[in-house]
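Secondary and tertiary structure notes
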Amino acid sequence: MRIYNKPILLMFAIFFAVTTSTLFAQKISQPTIIVLPKPEPGGKTSLELYNENDNVRSMNGAIEQVLVQHQMEVKNLKSTMQSFEKLRAKHSVLNTDNNAILAANSGSDIYIEYSYNILSEGAGYVVRIDLTSYEVCTSKTLGSTNGTSKRAVTTDIQGLGISAVNSCIGELLNQIGGYWKDIEKTGKAVYIAVISENTDLNKPNNGQKSISDAIFEVIQENAITFTEFQSAPNLYILNPVYVDIHKFSSLRPLRSLIEKVFYDMNIEYKSNMEGRLIEIEIN
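Residues numbered from 1 in each chain as written. Predicted model: local features only at pLDDT ≥ 70, side-chain atom pairs only at ≥ 80, totals over all residues. Heavy atoms only, no water.

Within the open sheet, the 5 strands sit side by side as E9-E10-E6-E12-E11. Their pairing is mixed. The open sheet is flanked by strand E9 (225-232) and strand E11 (270-274), the only strands paired with a single partner. With strand direction ignored, the average angle separating the axes of adjacent strands in the sheet is 15°. Here strand E6 (residues 188-196) pairs with strand E12 (residues 277-282) via 6 bridges, running parallel. By the bridge assignment, Val194 is partnered in E12 with Ile280. Helix H5 (residues 99-106) contacts E6, strand E10 (235-243), E11 and E12 of the sheet and is inclined by roughly 90° relative to E12. The sheet contacts of helix H10 (residues 252-264) involve E6, E10, E11 and E12, and relative to E12 the element is tilted by about 20°. (Pairing = 2+ DSSP bridges. Helix = DSSP H or I, 4+ residues; strand = E, 2+ residues; numbered from the N terminus. Axes fitted to C-alpha atoms, helices over the stretch in contact; angles between N-to-C directions. Contact = heavy atoms within 4.5 Å.)

Written as structure tokens, this is what we have:
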């Protein structure tokens, strides 16, 4: 007969519950953020601005540095450029300055878009910055703020940017926190695209349901909410698809469910997963 010490068991149960709860909470307590310059209306895209302008890169670095100082997880813009350009080349439906898709491609949860002015004041300069945070995939606005640096006689634009961001970042992070607190209930946004060269995605396939209908059913069974963004013969896009952040902490299980549609229909395919994007290509 085994004898259990109840106080010890109780202490262990409390420790296990607290530890598990803490570890579980950590999975959703830290949204991943990417910083992007605001594209020019009818002009240069975010990536063009970043690549061509030293001051833009300085401002990007200033915002990233302040976010890291506030213990936020930050994605690097430069590292996500190449994969996004490949995605955009395939999807003519994508706007050339679509920061929401760029951010989703990076694997971020939220993107912060900014604009700024460098102003001369007496013998020195100040930087004024506007920050707006958005949900990836959808461009849903989460919060906005603006700040101004202290005047300084300097050519250190990034230093002035850090001063400007520090004057207002607390408000923006509070706004982001309000959104992130509800992520367990609302789910995280995912972008799904099926691309075909020769197959009509909306027509019945060999006496079976159409590919788009089959994909629709899979997403309907596994999403909290979702929207059909586009359904054309050669392109089927679901965006946003809100999925349970615990069930799909990684998007691999969701990709596998989508791939099974093509396996069951005996259709050859190629799949790709980048960040919050799942892409399936067929002939």
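A few words now on the packing of helix H9 (residues 211-222) against H10. Direction vectors running N to C along H9 and H10 enclose 150°, while the axes themselves pass 10 Å from each other. Taken together, the axes of H9 and H10 are roughly antiparallel relative to one another. As H9 packs across H10, the resulting crossing turns out to be right-handed. In this structure, H9 uses Ile211, Ala214, Ile215, Val218, Ile219 and Asn222 to contact H10, whose residues at the interface are Leu254, Leu257, Ile258, Val261 and Phe262. Broken down by class, the residue content of the contact of H9 with H10 amounts to 10 nonpolar, 1 polar and no charged. (Parallel < 35°, antiparallel > 145°, perpendicular 65-115°, else oblique. Left-handed = near helix turned anticlockwise from the far one by under 90°. Nonpolar A, V, L, I, M, F, W, Y, C, P; charged D, E, K, R; others polar.)

Read across the open sheet, the 5 strands follow the order E2-E1-E3-E4-E5; overall the sheet is mixed. Across the chains shown, the open sheet's two edge strands, defined by having one partner strand only, are strand E2 (73-75) and strand E5 (141-148). This sheet shows a mean twist of 25° between the axes of neighbouring strands, independent of strand direction. The pairing of strand E4 (residues 124-135) with E5 spans 7 bridges and is classified as antiparallel.

Looking now at helix H7 (residues 169-180). Here H7 contains 12 residues, and its C-alpha end-to-end distance of 16 Å stays within 8% of the 16 Å for a straight helix at 1.5 Å per residue. Looking only at H7, the buried set comprises Ile169, Leu172, Leu173, Ile176, Tyr179 and Trp180. Down the axis of H7, the buried side of the element spans an arc of 110°, and every buried residue falls inside it. (Expected span 1.5 Å × (residues − 1). Buried < 20%, exposed > 50% of the residue type's maximum accessible area, 1.4 Å probe, protein only. Arc of directions from axis to C-beta.)

The next point concerns the confidence of the model for the protein. Taken over all residues, the pLDDT of the protein has a mean of 86, while the share at 70 or more is 85%. Per-residue pLDDT, averaged within each element of the protein, yields its smallest value for helix H1 (residues 6-26) (42) and its largest for E5 (97). For residues 1-27, every residue scores under 50 in pLDDT, and the model assigns this stretch 3 contacts once sequence neighbours within four places are set aside. (pLDDT = per-residue confidence, 0-100.)

Time to look at the packing of aromatic side chains. Between two aromatic rings, the relevant description is the distance of the centres plus the angle of the planes. All told, the structure shown has 5 aromatic pairs when counted by the stated rule. On the numbers, 6.3 Å between centres and 45° between planes, the contact of Tyr179 with Trp180 is tilted. Residue classification places Trp180 among the buried positions, given a relative accessible area of 9%. (Phe/Tyr/Trp six-rings, centres within 6.5 Å; stacked < 30°, edge-to-face > 60°.)

The next thing to look at is the side chain of Ser210. Along the chain, the position of Ser210 falls in strand E8 (residues 208-210). Classification of Ser210 as buried rests on a relative accessible area of 3%. At 3.1 Å, the side chain of Ser210 and the backbone nitrogen of Asp213 are in polar contact. The contacts of Ser210, once residues within four sequence positions are left out, are Leu201, Asn202, Lys203, Pro204, Asn205 and Met265. (Polar contact = N/O pair within 3.5 Å; in protein donor to acceptor, adjacent residues only side chain to side chain.)

Judged by nonpolar contacts, the single largest core of 55 residues is most densely connected at Leu67 and Leu131. Ignoring sequence-local partners within four residues, the contact set of Leu131 consists of Ile63, Ile112, Glu113, Tyr114, Gly143, Ser144, Thr145, Val165, Cys168, Ile169 and Leu172. Counting 25 residues, the second-largest nonpolar core is a separate cluster that includes Val218, Phe248, Met265 and Ile280. (Core = buried A, V, L, I, M, F, W, Y, C linked by side-chain atoms within 4.5 Å.)

With that settled, consider unusual backbone geometry. Of the consecutive residues Asn239 and Pro240, the connecting peptide bond is found in the cis state with omega at 0°. In this fold, Pro240 is placed in strand E10. One non-glycine residue, Gln71, adopts positive backbone phi at about 65°. The topology assignment puts Gln71 in the loop between helix H3 (54-69) and E2.

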